[in-house]
Amino acid sequence: MPYADNDGVSLYYETTDPAENPAGDADTVALVEGLGYGRWMWRWQRDRLAEEGYRVVVWDNRGTGDSDEPDGPYTVAEMAGDLEAVLDAAGVERAHVVGASMGGMIAQQYALDYDRAESLGLLCTSPGGDGAVPTPEETRARMFGVPEDADEREAIRYKMRPAMTDEFWADNDDLISDIVDWRLEGDASDAGREAQAAAVAGFDASDRLGEIEVPVLVAHGTADRVLPVGNADLLSEALPNARLAVFEDGSHLFFVEQADAVNDKLVEFLRHA
C-alpha cells in the first residue's frame, strides 16, 4: 500500500493508469475530496478519466480513511502540503488538480503555495472569507446536529441529506445505501471531521485569487444547499483564467447526481488546459 509522508503524517494514496498505453507519458489528474469524505467519493470520475487517457491519483486527506489522524484542528495549508507530499511520492511533476468542496479549497491553496498545478478544477467550493456566501443555517444544523437516537447509518443519512436533491434522494435508495456503506468504511472519524471543519472555517483565499494564473474550471450546481452557487460567481470573477460551468438543479454532490455531464465538461476542459 503506497503512503506519502508530510512531516510525520502518513497519507494513503492510489494511482490508476490510463486504460490505453499505461506505460506512456500521460497527464496526471489529482482528485481531492471534500470534508469528511474518503477517496470513494471520486468513483464516478476516476474510471472515466483513466478511460480518457489520464493517470489518476486519489488519496485520503489527513483524518480520513487510511491516512493518519493527527490531533486537530487542521488548516487548509497543511492539507495542501499533504497533497504536495502525495504528488512527490507518486513521482508526479505536474498535475491537473480537481477538488470538490473542501477539496476545492485545498486546490486553491495548493496553486498558491506550490508549482506543480497545471490547472485547477474547482467543484462546488468557495473562496472563503467574509465575502463568501455562507452555508445556510438549516444545512449546518443537519450537518452537525444529528438526533441523539440516530444509529450510525441513520446519522450519515441525516447529515448527507442536504447535499442531494429531493428527486435523487427519492429515486436512488439502493445507491444511497451503498454510499452509506462506503462512508462507514472510508470516511473520517468524528474527530477527524471536526479537525477538517476547522480548516474550512479558517480558509480565506479571496484576496489572493488573482495570483492563480493557471486555467481553472469553476463548476457548481444551482441547487447547492451546502455551498450556494453564488460562490462560483465569486471565484470565476476573481480568477484571471477561469471558465464557469453551471449545472441546472445540481446539488452539492452534483458530480455524483449528474456524473456523465460533469465528466464531459471536465474532460473537455482538461483537453484544452
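Residues numbered from 1 in each chain as written. Predicted model: local features only at pLDDT ≥ 70, side-chain atom pairs only at ≥ 80, totals over all residues. Heavy atoms only, no water.

1. Examining the overall build of the chain
When its secondary structure is counted, the chain shows 11 helices and 8 strands. Here the C-alpha atoms of the chain give a radius of gyration of 17 Å, agreeing with the 19 Å that 2.2 N^0.38 yields for 273 residues. If you line up the chain on its principal axes, its C-alpha atoms span 50 × 40 × 35 Å. Here the contacts in the chain between residues at least 6 apart in sequence split such that 74% fall between residues at least 24 apart. (Helix = DSSP H or I, 4+ residues; strand = E, 2+ residues; numbered from the N terminus. Rg over C-alpha atoms; globule rule 2.2 N^0.38 Å. Contact = heavy atoms within 4.5 Å.)

2. A word on empty space enclosed by the protein
Applying the stated criterion across every chain yields a total of 1 cavity of 30 Å³ or more. Of the voids in this model, the largest cavity is the one considered here, and its volume is about 30 Å³. Together, L123, L217, A219, F247, V262, K265 and L266 line the largest cavity. At the level of elements, β7 (216–221) and α11 (259–272) are the ones that each hand at least two residues to the lining of the largest cavity. At 3 residues, α11 tops the list of elements feeding residues into the lining of the largest cavity. Taken together, the residues of the lining of the largest cavity break down into 6 nonpolar, no polar and 1 charged. (1 Å grid on protein atoms, 1.4 Å probe; cavity = no way out; pocket = protein on both sides within 12 Å on 5 of 7 lines; lining within 4 Å. Points joined across faces, edges and corners; volume = space filled by probe spheres on them. Nonpolar A, V, L, I, M, F, W, Y, C, P; charged D, E, K, R; others polar.)

3. Some remarks on the UniProt feature "domain: AB hydrolase-1" (unreviewed entry) in the chain
Within this numbering scheme, the UniProt entry marks residues 29–257 as carrying the feature "domain: AB hydrolase-1" (unreviewed entry). Secondary structure within residues 29–257 divides into 43% helix and 15% strand; the distance between the first and last C-alpha atoms comes to 21 Å. (UniProt positions renumbered as here; feature names shortened; annotations may be inferred.)

4. Points about the environment of L49
Relative to the assigned elements, L49 resides in helix α1 (residues 43–51). Along the backbone, L49 and L270 are 221 residues apart, and their C-alpha atoms lie at a distance of 9.9 Å. Not counting residues up to four positions away in its chain, the partners in contact with L49 are V29, L31, Y54, V56, L266, V267 and L270.

5. A few points about the nonpolar core
Formed by 85 residues in total, the largest nonpolar core has its most connected members in W42, L49, V97, L120, L123, I212 and F255. Beyond its immediate stretch of four places on either side in the chain, F255 contacts M41, W42, W44, Q45, A100, L123, C124 and V262. (Core = buried A, V, L, I, M, F, W, Y, C linked by side-chain atoms within 4.5 Å. Buried < 20%, exposed > 50% of the residue type's maximum accessible area, 1.4 Å probe, protein only.)

6. A closer look at the pattern of salt bridges
Per the counting criterion, the structure on display carries 19 salt bridges. Its salt-bridge partner being D66, residue R39 comes within 3.2 Å of it at the nearest N-O pair. Of this pair, R39 sits in the loop between β3 (28–32) and α1 while D66 is found in the loop between β4 (55–59) and α2 (76–89), placing the two residues 27 residues apart along the sequence. Here R153 makes a salt bridge to D181, at a shortest N to O gap of 2.6 Å. Separated by 28 residues along the polypeptide, R153 in helix α5 (residues 152–160) and D181 in helix α7 (residues 173–186) bring together distant segments of the chain. (Salt bridge = Lys/Arg side-chain N within 4 Å of Asp/Glu carboxyl O.)

7. A closer look at the sheet that holds β7
Across the sheet, 8 strands lie side by side as β1-β2-β4-β3-β5-β6-β7-β8; this open sheet has mixed pairing. If you trace the sheet from one side to the other, it starts and ends with β1 (3–6) and β8 (242–247), each paired once. In this sheet, neighbouring strand axes are inclined to one another by 20° on average, regardless of whether the strands run parallel or antiparallel. Strand contacts of α2: β1, β2 (9–16), β3, β4 and β5 (95–100), with the helix running at about 135° to β1, the strand carrying the most contacts. Sitting on the sheet, α11 is in contact with β3, β5, β6 (117–123), β7 and β8, with an inclination near 170° to β8. (Pairing = 2+ DSSP bridges. Axes fitted to C-alpha atoms, helices over the stretch in contact; angles between N-to-C directions.)

8. Description of the layout of surface pockets
Empty space among the atoms becomes visible once a probe the size of a water molecule is rolled across them. For the largest pocket, the calculated volume is near 1200 Å³. Taken together, 47 residues line the largest pocket, and the ones lying closest to its centre are L35, M143, F144, R193 and A197. Going through the elements one at a time, α3 (102–113), α4 (137–144), α5, α7 and α8 (190–202) are the ones with two or more residues in the lining of the largest pocket. Considering every element that reaches the lining of the largest pocket, the biggest residue donor is α8, with 6 residues. In this structure, the second largest pocket encloses a volume near 250 Å³.

9. A look at α2
Taking 1.5 Å per residue as the helical rise, α2 with its 14 residues ought to reach 20 Å, and the 20 Å between its terminal C-alpha atoms agrees with that figure. Of all 14 residues in α2, 10 are buried, a share of seventy percent or more. Every buried residue of α2 is accounted for by V76, M79, A80, G81, D82, L83, E84, A85, V86 and L87. A positive phi of about 75° marks G91, the residue just after α2. (Expected span 1.5 Å × (residues − 1).)

10. Looking at the packing of aromatic side chains
Within this structure, the stated rule accounts for 9 aromatic pairs. Where Y3 meets Y12, the ring centres are 5.3 Å apart and the plane angle is 65°; that geometry is what we call edge-to-face. What makes Y12 buried here is its relative accessible area of 7%. Relative to F255, the ring of F254 lies with its centre 6.0 Å away and its plane at 80°, an arrangement referred to as edge-to-face. Each member of the pair, F254 as well as F255, is classed as buried. The structure contains a cluster of three or more aromatic residues connected by ring pairs, namely Y37, W40, W44 and W182. Across the ring face of W182, the terminal group of R43 is positioned such that the distance to the ring centre comes to 3.7 Å. (Phe/Tyr/Trp six-rings, centres within 6.5 Å; stacked < 30°, edge-to-face > 60°. Lys NZ or Arg CZ within 6 Å of the ring centre and 35° of its normal.)

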